[in-house]
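Take a look at the letters that make up each chain.
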Amino acid sequence: MSPLFPLPPFSPAAVVTALRSAGCVFAEDEAELILATARDPEELATMVDRRVAGLPLEHVLGWAEFSGLRVAVEPGVFVPRRRTEFLVEQALAQAPQAAVVVDLCCGSGAVGAALAAALGQVELHAADIDPAAVRCARRNVVPYGGHVHEGDLFAALPGELRGRVGILAANVPYVPTADVGLLPTEAREHEPLVALDGGPDGLDVLRRVAAAATGWLAPGGCLLVETSEHQSPAAVDAFARAGLTTRLAVSEELYAHVVIGVHTHHGPTPAPAPAR
């Protein structure tokens with residue numbers, strides 16, 4: 001099938017025009033990235049066609065920039081958001097000496113890779129329920145000596161990690177089910193629903209992670225989860241009910257809200273309080 005975009009067009013102006021006509025707000029910036037990534041005119045035409053058809057730019061390029069890294073991103077895998085860099089910053093500030101890191105609901109594995117790159121020699125594990133995400137995460141995590149596991153939250157992790165995790169980062173889905181249809185087309189049509197839909201109020205997965213976290217965290221270890229501004233009070237409450245010493249960190253610049261819970265209990269882990 002011949003490409004929609006005419007060959008040969010290594011002309012920046014032609015690429016910008018095609019992207020702008022398709023409604024790309026940052027056409028010039030995107031054109032620069034596509035032109036730098038394409039290896040020949042045919043690949044360039046294919047990439048522009050895919051972007052014009054509505055694929056996320058990161059899926060078109062095959063990578064996303066995240067925390068100073070170039071993270072591989074494959075079609076059908078959740079694209080790491082820039083605001084999630086704030087979660088990485090908070091994790092490093094809270095536990096700069098962490099020796100064991102877990103990236104739960106890892107998607108591409110961007111968070112785990114960024115933490116490992118910053119911390120140096122760490123034991124890194126990432127997990128996701130989506131097989132496509134697991135395959136993609138291996139490309140990003142294995143270079144840091146990391147391990148990727150497929151399964152539902154903690155059930156995917158090796159039991160030997162219990163009580164040893166210094167940083168537990170969980171970029172859980174937190175869009176309320178009724179709001180999924182309001183997301184940008186790129187997310188709705190090209191990212192997995194399991195990475196977006198957080199249940200009726202968006203906090204179903206967050207509550208599950210918080211409730212079980214103390215069984216996996218080392219004393220002083222921390223759990224970090226991204227959420228929205230209006231969900232943050234309920235998210236903080238879920239962390240507190242799970243026995244975590246909890247605070248909320250906010251970045252106005254990135255419009256990011258991260259709930260941080262520290263495992264300060266050194267005795268037997270108490271059973272979580274029943275949900276209200």
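Residues numbered from 1 in each chain as written. Predicted model: local features only at pLDDT ≥ 70, side-chain atom pairs only at ≥ 80, totals over all residues. Heavy atoms only, no water.

1. Some details on the overall build of the protein
Basically, it comes down to this: Strands here are runs of E lasting at least two residues and helices are runs of H or I lasting at least four, both read from the DSSP assignment and numbered beginning at the N terminus. For this measure, only C-alpha atoms enter the radius of gyration; the expected value for a globule follows 2.2 Å times N^0.38, where N is the number of residues. Working definition: with a 1.4 Å probe on protein chains only, accessible area under 20% of the residue-type maximum means buried, over 50% means exposed, and in between means partly exposed. Each accessible area value is a Shrake-Rupley result obtained with a 1.4 Å probe; residue values ignore everything except the protein chains displayed when judging cover. His is not counted, nor are the chain ends, whereas Lys and Arg count as positive and Asp and Glu as negative. Note on charges: their place is set at NZ of Lys, CZ of Arg, CG of Asp or CD of Glu.
Helix and strand counts for the protein stand at ten helices and nine strands. A compact globule built from 276 residues should have a C-alpha radius of gyration of about 19 Å, and the protein, at 20 Å, falls within 12% of that. Counting only C-alpha atoms, the protein reaches 70 × 40 × 30 Å along its principal axes. Evaluated residue by residue, the protein yields a buried proportion of 52% over its 276 residues. With an accessible surface of roughly 12700 Å², the protein has 55% of that area assigned to carbon and sulfur atoms. Computed over 19 positive and 32 negative side-chain charges, the separation of the two mean positions in the protein equals 5 Å.

2. Observations regarding the packing of aromatic side chains
How two aromatic rings sit relative to each other is set out by the distance from centre to centre and by the angle between their planes. Put simply, the test is: A pair of Phe, Tyr and Trp rings is counted when the ring centres sit within 6.5 Å of each other, with Trp represented by its six-membered ring. The angle between the planes then sorts it: under 30 degrees is stacked, over 60 is edge-to-face, the rest tilted. Each ring is checked for a lysine NZ or an arginine CZ that lies within 6 Å of its centre and within 35 degrees of its normal; such an atom marks a charge sitting over the ring.
Evaluated as defined, the whole model comprises one aromatic pair. Aromatic side chains Phe154 and Trp216 sit 5.5 Å apart centroid to centroid with 15° between the ring planes, which places their arrangement in the stacked category. You can see Phe154 sitting in the loop between β5 (147-150) and β6 (165-170) and its partner Trp216 sitting in the loop between α9 (204-213) and β7 (217-227), a full 62 residues away along the chain. A single burial state applies to Phe154 and to Trp216, both of which are buried. Over the face of the ring belonging to Trp63 we find Arg70, whose NZ or CZ atom lies 3.7 Å from the ring centre.

3. Some words on the side chain of Gln90
Definition in use: By definition, residues are in contact when any of their heavy atoms lie within 4.5 Å.
Here Gln90 lies in helix α5 (residues 85-94). Setting aside residues no more than four positions away along its own chain, Gln90 makes contact with Leu224, Arg247, Ala249 and Ile260.

4. Details of the packing of helix α1 (residues 12-21) against helix α3 (residues 41-52)
To keep it simple, the criterion reads: Inter-axis angles, ranging from 0 to 180 degrees, are taken between N-to-C directions of lines fitted to C-alpha atoms, where helices are fitted over the stretch in contact. Angles below 35 degrees are treated as roughly parallel, those above 145 as roughly antiparallel, those between 65 and 115 as roughly perpendicular, and all remaining angles as oblique. Rotating anticlockwise by less than a right angle from the far helix to the near helix defines a left-handed crossing, while the corresponding clockwise rotation defines a right-handed one.
Relative to each other, α1 and α3 sit at 20°, their axes nearing to 9 Å. Relative to α3, the element α1 is oriented roughly parallel. The element α1 and its partner α3 pack so that their crossing is right-handed. On the side of α1, the interface is formed by Val15, Ala18 and Leu19, while α3 contributes Leu44, Val48, Arg51 and Val52.

5. A word on the nonpolar core
How we decide: The nonpolar core is taken to be a set of buried Ala, Val, Leu, Ile, Met, Phe, Trp, Tyr and Cys residues, with the residues joined through side-chain atoms within 4.5 Å.
In terms of nonpolar packing, the biggest core is built from 35 residues, with Phe66, Val101, Val111, Leu115, Leu119, Ile167 and Leu224 touching the most fellow members. Of all elements in the fold, only β2 (69-72), α5, α6 (110-119), β4 (123-128), α7 (131-141), β6, β7 and β9 (256-262) reach the threshold of two or more residues within this core. The element best represented in this core is α6, accounting for seven residues.

6. Describing the pairing of β5
Going by this rule: Note: two strands are recorded as paired if DSSP finds a minimum of 2 bridges between them. For the handedness criterion, the strands are oriented away from the viewer, and a crossover whose path from the first strand over the helix to the second runs clockwise is classed as right-handed.
By the bridge criterion, four bridges tie β4 to β5 in an arrangement that is parallel. Note on β5: the bridge partner recorded for Ala126 is Val148. Once the chain exits β4 it traverses α7 before rejoining the sheet at β5, and the crossover so formed is right-handed.

7. As for the pattern of salt bridges
Here is the rule we go by: The term salt bridge refers to a side-chain nitrogen of Lys or Arg lying within 4 Å of a carboxyl oxygen of Asp or Glu.
Inspection of the entire model under this criterion finds eleven salt bridges. Between Glu253 and Arg82 there is a salt bridge; the shortest N-O distance is 3.8 Å. Separated by 171 residues along the polypeptide, Glu253 in the loop between β8 (245-251) and β9 and Arg82 in the loop between β2 and α5 bring together distant segments of the chain. Accessibility assignment for this pair places Glu253 and Arg82 in one class, exposed. Its salt-bridge partner being Asp152, residue Arg208 comes within 2.8 Å of it at the nearest N-O pair. One end of the pair, Arg208, is in helix α9; the other, Asp152, is in the loop between β5 and β6, with 56 residues separating them in the sequence. Judged by relative accessible area, Arg208 falls into the partly exposed class, the value being 43%. Classification of Asp152 by relative accessible area gives partly exposed; the value is 34%. Connected via shared salt-bridge partners are Asp201, Asp204 and Arg207.

Remember, this is a structural readout, not a statement about activity or role.
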